[in-house]
Every structure is written in structure tokens, then in C-alpha cells.
4 protein chains.
Amino acid sequence: MNAIGRQYLKLNDVPIPRVGPGEMLVKVNAVALNYRDKMVVETGRGLPLTFPFTPGSELAGEVIALGEGASRFEVGMKVISTATPDWIDGLRAGTARTPAYQTLGGFYPGVLAEYVAMPEDWFVSAPKTLEPWQACTIPIAGLTAWFALVDRAGVRAGDTVLIPSTGGVALFGVQIAKANGARVIVCSQPEYEERAKALGADHFINANSDWVEAVYQLTSDRGTDIVLEVIGGKHLGESVQVTAVGGHVCQIGALDGWDIIAPAMPLMLKDITIHGIGTGSRKALERFIFAIDHTGITPVVDSRYSLEDLPAAFDHLGQRPFGKIVLDVAR
Amino acid sequence: MNAIGRQYLKLNDVPIPRVGPGEMLVKVNAVALNYRDKMVVETGRGLPLTFPFTPGSELAGEVIALGEGASRFEVGMKVISTATPDWIDGLRAGTARTPAYQTLGGFYPGVLAEYVAMPEDWFVSAPKTLEPWQACTIPIAGLTAWFALVDRAGVRAGDTVLIPSTGGVALFGVQIAKANGARVIVCSQPEYEERAKALGADHFINANSDWVEAVYQLTSDRGTDIVLEVIGGKHLGESVQVTAVGGHVCQIGALDGWDIIAPAMPLMLKDITIHGIGTGSRKALERFIFAIDHTGITPVVDSRYSLEDLPAAFDHLGQRPFGKIVLDVAR
Amino acid sequence: MNAIGRQYLKLNDVPIPRVGPGEMLVKVNAVALNYRDKMVVETGRGLPLTFPFTPGSELAGEVIALGEGASRFEVGMKVISTATPDWIDGLRAGTARTPAYQTLGGFYPGVLAEYVAMPEDWFVSAPKTLEPWQACTIPIAGLTAWFALVDRAGVRAGDTVLIPSTGGVALFGVQIAKANGARVIVCSQPEYEERAKALGADHFINANSDWVEAVYQLTSDRGTDIVLEVIGGKHLGESVQVTAVGGHVCQIGALDGWDIIAPAMPLMLKDITIHGIGTGSRKALERFIFAIDHTGITPVVDSRYSLEDLPAAFDHLGQRPFGKIVLDVAR
Amino acid sequence: MNAIGRQYLKLNDVPIPRVGPGEMLVKVNAVALNYRDKMVVETGRGLPLTFPFTPGSELAGEVIALGEGASRFEVGMKVISTATPDWIDGLRAGTARTPAYQTLGGFYPGVLAEYVAMPEDWFVSAPKTLEPWQACTIPIAGLTAWFALVDRAGVRAGDTVLIPSTGGVALFGVQIAKANGARVIVCSQPEYEERAKALGADHFINANSDWVEAVYQLTSDRGTDIVLEVIGGKHLGESVQVTAVGGHVCQIGALDGWDIIAPAMPLMLKDITIHGIGTGSRKALERFIFAIDHTGITPVVDSRYSLEDLPAAFDHLGQRPFGKIVLDVAR
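Quick notes on the rules
Residues numbered from 1 in each chain as written. Chains lettered and ligands numbered in written order. Predicted model: local features only at pLDDT ≥ 70, side-chain atom pairs only at ≥ 80, totals over all residues. Heavy atoms only, no water. Phe/Tyr/Trp six-rings, centres within 6.5 Å; stacked < 30°, edge-to-face > 60°. Buried < 20%, exposed > 50% of the residue type's maximum accessible area, 1.4 Å probe, protein only. Contact = heavy atoms within 4.5 Å. Buried area = accessible area lost by both parts, 1.4 Å probe. Salt bridge = Lys/Arg side-chain N within 4 Å of Asp/Glu carboxyl O. Polar contact = N/O pair within 3.5 Å; in protein donor to acceptor, adjacent residues only side chain to side chain. Nonpolar A, V, L, I, M, F, W, Y, C, P; charged D, E, K, R; others polar. pLDDT = per-residue confidence, 0-100. Least-squares fit on C-alpha atoms with pLDDT ≥ 70 in both. Helix = DSSP H or I, 4+ residues; strand = E, 2+ residues; numbered from the N terminus. Domains from an automatic or database assignment. 1 Å grid on protein atoms, 1.4 Å probe; cavity = no way out; pocket = protein on both sides within 12 Å on 5 of 7 lines; lining within 4 Å. Points joined across faces, edges and corners; volume = space filled by probe spheres on them. Pairing = 2+ DSSP bridges. Expected span 1.5 Å × (residues − 1). Bend = angle between axes of the 7 residues up to and from the residue. Axes fitted to C-alpha atoms, helices over the stretch in contact; angles between N-to-C directions.

Chemist: Where do I start with the packing of aromatic side chains in this structure?
Modeler: Geometry of an aromatic ring pair is reported as the spacing of the ring centres plus the angle between the planes. All told, the structure shown has 24 aromatic pairs over all chains when counted by the stated rule. Between C:Phe107 and C:Tyr108, the aromatic rings sit 4.9 Å apart at their centres with planes inclined by 85°, giving edge-to-face as the arrangement. Accessibility expressed as a relative area gives 46% for C:Phe107, which makes it partly exposed. Between the aromatic rings of D:Trp87 and D:Phe147, the centroid separation amounts to 5.3 Å while the plane-to-plane angle is 75°, which identifies the pairing as edge-to-face.

What follows is the structure, given as C-alpha cells:
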């Protein structure tokens, strides 16, 4: 843990924050970690951070006090945070020159704390069917998969959805596609086959094989209606190859480099749509929570740590966990 | 002109074709050339051609006779061909493994002839406001720009549309965007500025300048709602940079290489949609023709040649014409 | 059975029909009846019928022979008919003045026969998971519910869908909404509660109660995302009242009179969309069949009759069956 | 002018309001009147008004001072109000049981004053190309027509749009449809023909004639793609009759009674969509303003009054003005 990291670890010594107008005081029960949090702590990631800096953008907690004029929630209600709080509904903020990258635990203060005081507009009601250590995983990985599959690609029963990974967004993708009645093909390392199928995957392809050919065969050449492209780079090109006529590729991740690369001809001859995806709106999160409570989607949590074990939790993030890493903040 | 070329040039010696059931005999008035026709003639382009082969996919002509059961048109009506005749409405044909590339003058017989006998479903009524030498340019370049801007990207009044070229599809794009009330920025070589503006372009950017910066300035950083990406390759990356939040990039051309390349982060953070475009449906062509007749869109034709001057016409295709090259077949 | 009815009942004496170009000979296994068939037989319904007339528009059968040029299927394949065969994909046919009402067993010949010879374009592959007596119920009641909920209203997981009936389209609606992850409220006569819930309904409201208030309470006032309005008339007005902001009403039936009536203010203040629905396209039917085979949707069949018992089957149609009435044609 | 009316007329005697946090002080230049303002003043319209009450919801003005934290605008900027200020983007507020009817000059304070202090989120930048007495007409009548035609019905070049009135929303509808390249048919009283055509209408039908038949003839039976239904009641039924297959009816007005009535069969057989419309979002207003500034749309103002002549202005509202009635507040 480097200098930046050391500074925020003292955060819990600070007193309970004061609640301003339109804000709520929220007691934090659990925080889910994202790889981005680790990068911010280790490198600052080029953000204009002020210290003491609090990282983290996904919390589940309980409303403790309401600031003047705050009326969306009542004391005692269970809430979770949004991660890109300016995006309420419709289009997100930003310009062509300067895309908005204004998230909690970055541009805005983070949530890795025992208490946070934040605008009431930054929260939504927690799913009724989840415990805090599950609910805290929804605002980024869960919402991103939901927004991609449901709001942008319009998944529906009978669609074939390819999930070429078993990372955090991908596992939510499996469950969300299944909840919408889709047929799900997961492509990943063979050691994950059993768990992917237990989660609902209809088919599993070994990512080390000729997986493009395998998708053709599984779909009788027709291809997939939607690919949740969480890898990016040249992998997008293969995703375009397996996509059906009129199909959708949701471009989410950049694990394979900062540039996406794809062959133009099949993209054009198959009328494919590529959607750039970066989380989603608060309105979409609320719809997702309806779906969670109705369909029984249960986030996959690999491990839970205590706040003191944050360094170990960050280490675990880099070791391909199967599901989310969560910090139990309140005990 | 090589061996393939020589074979089809004899075509006009053949007798008037017989009209089969469901077909129409059409007297050809004019044929528009596409660069693809030149490539097919010169290289065969890997297609399973049979000889004598007739190239060409865009005609304007007149119905001379109806085959048994043909009822969509009457003798004497003016018609134009569709270029991808299997695509009537909704989704086009093809599979993920084998995209459909079944066009006239390729998989299907071509139209560079004095008479053609083809299924009545392959034709639509010609625009009432255009001469045959103008109308014949609609089925590929015109329809592609229309399908991209209107059917896929949903252009509307007040949108800013970037047209980064002055090629055939691009010039239609300028007119179609204007007809829908958009603000049009053309980016091309400076010698085309005057003609682009005469065609309706609101702004012109020298393609040799820092055009990305120029677009930022013209749009107060907001960016463009739609880019008609007719160049492809790395140019797509710059198009993504200038695209507004929630904007659309229509990927049409592959002049700059067979792979498209773009930065992942702005694509994701700006919720951009990339549409792969390869012509459009017959239904879209019919809507486009309504729009032509109502708004007065007039195709830009650079030069007209007689059928005997086909080699010169093909040569001209390779020399950056400003608008379409047309053959006057009937005189 | 009246004069019109008597004429078609002789149909099975006629020889096996000849197969024309582009047609297929199909051995009929099962035919589903619709109330409209009964009306056509009893009254002619104003259609320009020629005798002997064959009613019926939904069959499941097997391909026996292929006419010249027919290539979409092979002999031995299981198929079902489409009901509005001109509607392949995209928009249906017709004009403002003369809506298209060209169905099998009406404008076109019907399917209540041991063999039919019809254009190959009028068929799709039968669901793999269904028996013929189940599959034959798909082309009208099933497709109508699918097209309404999926293609027009865009149902998705977590949506609340109101099905205010337990008729044929309604029961498919329950299953299709559930297959897409929705929460389903059925409103009908109390004797159907048990069967509706067995089919997947999450909630049941007695149609004789104040059901509008009941929907408000079940949804915490938020209302329903989609109503499958199979009753029409003034019932549409109540459907508008229970519909959420931004919600959809699919107008399908006219049981309560030929005019729909609804209050303008809630329609306008809640940004509601009303979709007029009359079956769906062949492409939508193919997507629906994917969904059936993947999700295990099983049509509800109330009773099966032999061809000789057609009069009894027609009588049953008028007695509020719970599910479809099917004729086993081949045995 | 009755008791309610008298109370607000003293408003201009009150001192300049204090600017709270997040608010702006705006000097009002012009206010457009709506018939609803007249009804609120005369009857209270069942709203829980407090006195002194200020009516009016559409203003054009200039920013005079910024409250603490207000940053969207700068002092000196020209702005116009939104009319339903809670609706920023995406879905509007409200529930099925209680639709939101929270407008300025009703639930919220009005704008018929020399100065207003209101949240900065309630404003947008004024069109650059309009004078204040023109710009003030945009937030309700203009936005409603824009939201209906562009956001909901998706008008595009070549579409045929029927505008069955020459009222305030209708006249904006003519201009907006034309700006998007549509062909416009206006149906109204014959004395308005000349002015409707001067505004861009391609065709005019006498509303006292058999206008349904006239639309069939003008469209060769095909019908209209979009109807801007500002009358409602039984008129909606005729609008459904003239609507093309796949067409849209935007239900906006309730001049002909509080219930809409339409025949079910053509609605269903033509796959028509009816959109309930009640103004639009702030985001849509911003897009509309881009379109105004780019296309030169100029609101039709029938008459301008001084603030003292408010009673006369209200009288004029009830006398079928051709265009908006505006009060010049600042002189």
C-alpha cells in the first residue's frame, strides 16, 4: 500500500460527518470493491484527488439522519449508492471533448467509511431480497450488465447471449440474461465451467478452444443476438464474427487494450450495432432492483473481508475472483 | 480491360431476354456505376460468376412487359432496381458465419444491359421528380446514406451531422441530413468546399487540418450527434472523439483498411452507438423516394457516359469524381 | 351447422391437392380453432368466400412433397402455418383506407383439411418441444400475445404486466410475460384463480371487485408497465387508469364493443402508449418459437376433438374454454 | 375578472424576490398565455392555490442574480422557463393513481410578474434567433408539438403529417414537421387556409368537408404517417381512419370531451400507435431550441399586450387567435 493508500486508511478516525441541506447521513453496512478502486488508491489514476481521500463507490447502508429538505427517504430505510450520481435518467452528462467521469470515490467523495453524508439524490432503495453484503455489489457491476443487456440491447426471451468471461460484470450478465428468458453461452477458462452452469449458463465454451467455431455450431451458424463484450481490444473482432444479423455487441471492458479493433465487412453486412457502455442511470438501477426482487437474482460474492483487511481484499481483486469482493464495514 | 471485362462487353448483342413467371421485362434507361462494379469486372472479387456475366446493380428504366402473375407494376411505369433484392423489410438475410452478400451484378445478374428480365419484387417505382440518369443513382449510394441517417441513427431537425468525405454516399448524406433539418459539417479536401456548401453544408473543415479540434469548436465542445463514417479504419477513432454523448456513428466504408479501430474509453463514457451499415431494405428505399419527391433532393452526378465509353467511365470512377458516374444506356 | 358450414364439411372427400411451383404439400396433424373460424362458418363474415370453402388458419403438420423451386424446408420436416401470410417482417400490408385482413381461412384458403398445398413462405418450422396438438395453437393466439408484449411493448424482467382475462391470447400472455421475467397480475372470474396461478400468475384479482384499486394496491400506486387489453371498449379506460407513467397498453380485443373509449387526461399526463395489435409477422413467430423451445412455454389446450366432432368443437368455443380447442386431424 | 383573478393582479406591487440557494433571479421580458392560465385564474381549476397567487408558466427573461451554488447560467444570459420543471430527461414523475400535474402557475408559482426567483434547474437558454416575445411561446405549445412529432412519433423527411387544427400547438406542429422534411396537411376552417399555407402547409382541407376522404385522396389511400390529434374525443376515431399502416397518432388535446373514442378494428389491423402527450422534458426543450436556431422556426404570435391589458389578453385567448397571445412585461 503506497502513499495514497496510507492517507485514506485513516479515514475511519474522523468524526461522523455533518449533514447538509438535501443530504442524508447513511451508516455504511457493506462496500463492494472494484478494480478501479485499487487503481485509484495505488496510482491516483490522474484524478484531481484531495486528501484525506475516501475511495469506493458502492455501498449498502441505512439512513440515520435527514438533512434539511431531504424527503425521498425516511430514517431507517435501507439504501444503496449510485456510482455516477449525476446520471438520473435519459442521457448522461459530458461533452464530446470531455466525457463525464464523475463517480463516487473519484471525482466525488467515496464510500469506504463507516458513515457518509451525501445528497439524497445519490441513493436508491436497496433490494428487499438481498443482504447488505450482496446489495452493495449492484451499483456498478450489476447495473452495467443490466443497462447493456436490457436498456441498450433489449434482450428478450429466446435470445442467445454470449458472455465471454466470468468476471464481475459477466456473472451479473449471466443472471440478467437468464432472468429475461435468454439462452446463455459462457466462454471462459475451463475451471469455471461448473460454477457458470450452476449460475444458469446453458452452454460453456473453453476460451482456449476455437470458440468462434463453437458458437457457430451451438447456434447452427445463426450466431448470437447479443455479446456482452467485457474484454475489448481484438476480442471485439471475434465478437462481431459470432454476432447474428441485426445483433448487438455491448462494449464494456478494455482488458485487452485501450483500442477496440474489429473487421468492418461483417459489421456492415450483418447490420450489427455496437453499444458503448459505462454503467447506467439511476432510473435503470431502480428498474434493475425491481427485477432483482421479482426474479431472485442473487449477486455472486467471492469473499467478504473486514475493513481492517482492506489490503488483503485489494490483493484478492487482482487474483481473478469468481464474483465480487466485499468489505463488511458495520458489524 | 481484362478477360472478365471483355466477356461482359458482348452482352448487348444478346437478344431481349424472355420474361418468366413473376418477372418483368425492363428497358434500361440509365445505369449508375459503383467502384465495386469496377472491382468485380477487374478481379471477379472472389464471386462465383458465370459467363457471359453482366455487372452493375443500379438501373432506372421502364416496364416493357409483365410475366405471368406479375402485378405490382404496369407496363409503361418507370422503375429503379433494388441492389440487395432479398431484403424487403425488417432484417436482412444471412447468418453469423455467412453474411449475405447477394447483390445484383454479383451473386445475382447485373443490370448493365439494354433490357433485363428480373423478378418484379426487385423493383420499386422511380422518383417522380428525377430523370432516369439521376434516379439510377439511388439504390446503393442514396439508400445507404438514407438508411444510416434516418433508419439507424434517427436524424432529426437541429442535430449536428458530420460528413467526413465528399464521395458518393457522403454527398447523399449531406442532402438527406439537410432535408431532415440537420446542421451539416463536411470535412474534405479544400477544393470541394464550394461545391459542398452549394449542396447545403453549413460548415466545411479542411481534412488536412486538425479537424477533430475544429469540430469541437464548431459545436462548443458538445460534439456531433451523428457521424457518417464512410472512411473507416483509424478514422473511426477520430469520429468517436467528436461524437456527442449519446451520439451515433454509422460505419459504412472501409477506405482506410478492413479493420475499424477506435478508443474504448470515449466510446463507453459517452454511450456512443456504432451502426454497421450495408445498404438498406426495399421498404427504406420506398420511404427515401417519398422524401426525394417531397423535399427535392437531387442526386449529384459528376459525368454521364454512353455505353460504348464504359472503359472511360470505369477509369473516371478511380479519379475521385464529385458525385456519381452514370451510363446513358437508352438513347 | 348452416348452409355455409355444410359446404366445407365435404372437403375431406376431395383428392390430395396438386403442388404448384413454390408450394409444399403438408399433411395436417392438428388444427386449432378460433372464434373467428366459427363466425366465418356461421355467417361468412362478409368475406368473398368461394365454395367448397375450407376454414381454419392454424395447423401443425408435416411436409410431404415440395413443389418446383421450393427450398426452405425438406420433406419430413414438421411445420406450422402462419395466419397472415403476407406479413413476413417489418410492416404489414394494407392502406389507411383498406386495412389488410388477408388470413388463411378467410381471404386465403383454410387449413381444416387432411392435406393442404400452400406456398412454402406461409410456413415456419414447428417448435421442437411441442406436440402437433400444442404447436397448432401458436400462429394466432400465441403470436398475438408475443408480438404485443415483446415486439411492441418491450417487456423485460421486473416489469409488472396486467392480463385482464383468461382467454386464449391472455393465457399465452401470462406465460410469455413470465418467460421474460415479468411479474404478472391476472384479473378474471374467481373460478380461474387456481389455474391462472398454476400457469405462473403472481397475483390474481377477482374481476368482479374494484380491480383498479386492487392494482394500485398491489403496485404501491405505481401501476402496471404493460396491460394486455384483450377486452376493449370501456375496459380500455380502466386499463389506462392502472397504467404506470411511461407504460404501454396493447389493444388486442373487441369483446366489449367495436369502439375503444378512454379518459384523455391520464393518457396524456402519464405519457402512455397504446399499441393496436393484430397478430404479428412471420419473423416474430420465428423468434417466439425460439423462446418456446428455450423457455418451455407450453400452450394451454382445453380440449381435443376429432374432425368428425367439429360441430361439438365449435360449440365448445362459445363456452369460455380455459385454453385452446384443437382438432386432431391425423390419427 | 373574478376574485381569484383580482388577487394576483396586485402581484407587481410586491418587492423583488429574494434569491435562495440554487435559485436565480430572472427579470421577465415576456410571458405567453395559455388557455389553462385563464381557467386557473377564473376557476382555480381545483388546484390548492395560495394567495397572492401568480399565474403563468411561460416566460422569456434575463438572469439578474445567482443564488448560492447556482452555476448553470451567468448573469446577463437570456433564458426561458420550463413549464413542468420536475421533468428533466427520461420519464416524467407521477404514479398510476396520481399523475403528476406540477406546472408553473399551478402547483408551482407562476411567472406573470416582473421578476421571478426560481431554481436554476427550471430554466434553459433562450433561442438565439428569437426575440423574448417569440421565445416565451416555446415551453408549452412549442415543446408539446416537438415532443409529440419528434421524440414520440419520430417524424422524418417524406412523412405525411396531418395537423387537424390551427391552434397554438397545431401551428408549431406545422413548422416542426416542415423543419423535419415532412409533407404537411392542415385541416381547419377555410378562413385559415392562406395563413396555414404561408406557414408551410403543403395541403389544406376544409374541416367542414369530408376530410377523411380528402386525406385518402391526397395520399392515394396510403394515409398519414402521423396525426397531431389536438382535438380528441370522437375526432380521434377519424384520425385512426386516416392513419397509415404502422402510423402514429399523438393524442394531445381534449377540446372535444374528456374521453377519447376510436374504432378498434382499424387501430388493430393497421398496427397504429397512439401516444398520450403532455408537454415534454427539459432535455427535449433543449433539442427543440437547437432546431429553432438552426432551421429558423419562428413562433406565430397573434397579438402582444401590455401587463395592464391582461384582462383583454385573456378575452382574446377565448376568440380563436391564430397563434399565441403574449404579454410584454418589461418595457
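That was the structure; now back to the text.
Chemist: Even after reading the chapter, I still don't get the interface of chain C and chain B, so can you show me in this structure?
Modeler: Each partner contributes to the interface: chain C provides four residues, whereas chain B provides four residues. Here chain C packs against chain B, burying approximately 340 Å² in sum over the two surfaces, 49% of which is carbon and sulfur. Where chain C touches chain B, the interface holds zero salt bridges. Scanning the region where chain C abuts chain B turns up two residue pairs in polar contact (both at pLDDT 80 or more). For the side of chain C that touches chain B, the per-class residue count stands at one nonpolar, one polar and two charged.

Chemist: What is the right way to look at the confidence of the model for chain A in this model?
Modeler: Do not read the predicted coordinates in detail wherever pLDDT is low. All names here are of chain A. Chain-level pLDDT for chain A is 92 on average; 95% of the residues reach the 70-or-more range. Below pLDDT 50 for its whole length, residues 1–11 participates in 26 contacts with residues either more than four positions away or in separate chains. Both scores are given for the predicted complex: the pTM is 0.95, the ipTM 0.95.

Chemist: Any chance you could explain the relation of the copies chain B and chain A here in plain terms?
Modeler: Think of it as a corkscrew move, a rotation about one axis and a shift along it, taking one chain copy to the other. Of the transformation superimposing chain B on chain A, the axial component is 0.0 Å and the angular component is 180°, with the fit at an RMSD of 0.0 Å. On this basis, the relationship between the two copies can be described by a two-fold rotation axis. Comparing interface residues between copies, 100% of those in chain B also sit at the interface in chain A, which points to an isologous, same-surface contact.

Chemist: Mind showing me how you'd approach the side chain of B:Thr103 here?
Modeler: All names here are of chain B. By the element assignment, Thr-103 lies in the loop between strand E3 (78–81) and strand E4 (115–119). On the basis of relative accessibility, which here comes to 9%, the residue Thr-103 falls in the buried class. Residues within four places of Thr-103 in sequence aside, it is in contact with Arg-36, Ala-83, Thr-84, Pro-85 and Tyr-108.

Chemist: Is there a simple way to explain the relation of the copies chain C and chain B in this structure?
Modeler: You can overlay chain C on chain B at an RMSD of 0.0 Å; the transform is a turn of 180° with a shift of 0.0 Å along its axis. Of the residues that chain C buries at the interface, 100% are likewise interface residues in chain B, meaning the two copies contact each other through the same surface.

Chemist: I keep staring at the domain arrangement of chain A and nothing clicks. Help me out?
Modeler: Interfaces are often sized by the amount of accessible area the parts lose when they come together. Residues and elements named next belong to chain A. Examined at the domain level, chain A breaks down into domain 1 (6–138 + 299–328) and domain 2 (142–276). Placing the centre of domain 1 and that of domain 2 at their C-alpha centroids yields a distance of 28 Å. Contact with domain 1, which involves 10 residues of that partner, is made by 13 residues of domain 2. Across the contact surface, domain 1 and domain 2 share zero salt bridges. Applying the counting rule to domain 1 against domain 2 returns three residue pairs in polar contact (both at pLDDT 80 or more).

Chemist: Sorry if this is basic, but what is going on with empty space enclosed by the protein here?
Modeler: Rolled over the atoms, a probe as big as a water molecule pinpoints where empty space is left. Residues and elements named next belong to chain D. Inspection of the entire model under this criterion finds 11 cavities of 30 Å³ or more. In this structure, the second largest cavity spans a volume of roughly 80 Å³. Residue lining of the second largest cavity: Thr-84, Asp-86, Trp-87, Arg-92, Ala-93, Ala-100, Tyr-101 and Gln-102, and that is the complete set. A per-class count over the lining of the second largest cavity returns four nonpolar, two polar and two charged.

Chemist: Would you explain the interface of chain B and chain A in this entry?
Modeler: Contacts between the two partners involve 49 residues from chain B and, on the opposite side, 49 residues from chain A. Buried surface at the junction of chain B and chain A, both sides included, amounts to about 3900 Å², of which 60% is carbon and sulfur. For the pair chain B and chain A, the interface holds six salt bridges. Of the charged contacts in the structure, one is a salt bridge between B:Arg97 and A:Glu213, with a shortest N-O distance of 2.8 Å. At the junction of chain B with chain A, the criterion picks out 25 residue pairs in polar contact (both at pLDDT 80 or more). For the side of chain B that touches chain A, the secondary structure elements donating two or more residues are helix H4 (138–152), helix H7 (211–218), helix H8 (235–242), strand E10 (243–251), strand E11 (259–263), helix H9 (264–269) and strand E12 (273–276) of chain B. Looking at the side of chain B that touches chain A residue by residue, the class counts come to 27 nonpolar, 13 polar and nine charged. In terms of strand pairing, strand E12 (residues 273–276) of chain A meets E12(B) through three bridges, oriented antiparallel. Residue pairing for E12(B): A:His275 is matched across the bridge by B:Thr273.

Chemist: Where do I start with the pattern of salt bridges in this structure?
Modeler: Oppositely charged side chains are able to pair whenever their charged atoms sit close together. Summed over the entire model, instances satisfying the criterion amount to 71 salt bridges over all chains. In this structure, C:Asp271 engages D:Arg152 in a salt bridge whose closest nitrogen and oxygen atoms are separated by 2.9 Å. You can see C:Asp271 sitting in the loop between helix H9 (264–269) and strand E12 (273–276) and its partner D:Arg152 sitting in helix H4 (residues 138–152), one on each of two chains. Neither residue differs from the other here; C:Asp271 and D:Arg152 are each classed as buried.

Chemist: Looking at this structure, I do not really get the side chain of C:Ser281. What am I missing?
Modeler: Residues and elements named next belong to chain C. With respect to the helices and strands, the residue Ser-281 is situated in the loop between E12 and helix H10 (282–295). Judged by relative accessible area, Ser-281 falls into the buried class, the value being 4%. Within the structure, the side chain of Ser-281 is placed 3.1 Å from the backbone nitrogen of Ala-284, a separation counted as a polar contact. Those residues in contact with Ser-281, other than ones at most four positions away along the chain, are Trp-87, Ile-88, Asp-89, Leu-143 and Phe-147.

Chemist: For this particular structure, what's the right way to read H4(D)?
Modeler: An α-helical segment advances 3.6 residues per turn. Residues three or four places apart therefore align on the same side. Residues and elements named next belong to chain D. Between its first and last C-alpha, H4 extends only 18 Å over 15 residues, short of the 21 Å set by a 1.5 Å rise per residue. Trp-146 marks where H4 bends most, by close to 25°. Across the 15 residues that make up H4, a large majority, 14, are buried. Just downstream of H4, Gly-154 is the residue with a positive phi angle, here 65°.

Chemist: I keep staring at the sheet that holds strand E7 (residues 183–188) of chain B and nothing clicks. Help me out?
Modeler: Remark on secondary structure: sheet strands pair via backbone hydrogen bonds, oriented parallel or antiparallel. The sheet built from 12 strands is open, its strands ordered E8(A)-E7(A)-E6(A)-E9(A)-E10(A)-E12(A)-E12(B)-E10(B)-E9(B)-E6(B)-E7(B)-E8(B) with mixed pairing. Each having just a single partner strand, strand E8 (203–206) of chain A together with strand E8 (203–206) of chain B make up the two edges of the open sheet. The sheet shows a mean angle of 20° between the axes of neighbouring strands, taken without regard to direction. Direction of pairing for strand E10 (residues 243–251) of chain A relative to E12(A): parallel, over a ladder of four bridges. Bridge pairing links A:Gln251 to A:Gly276 in E12(A).

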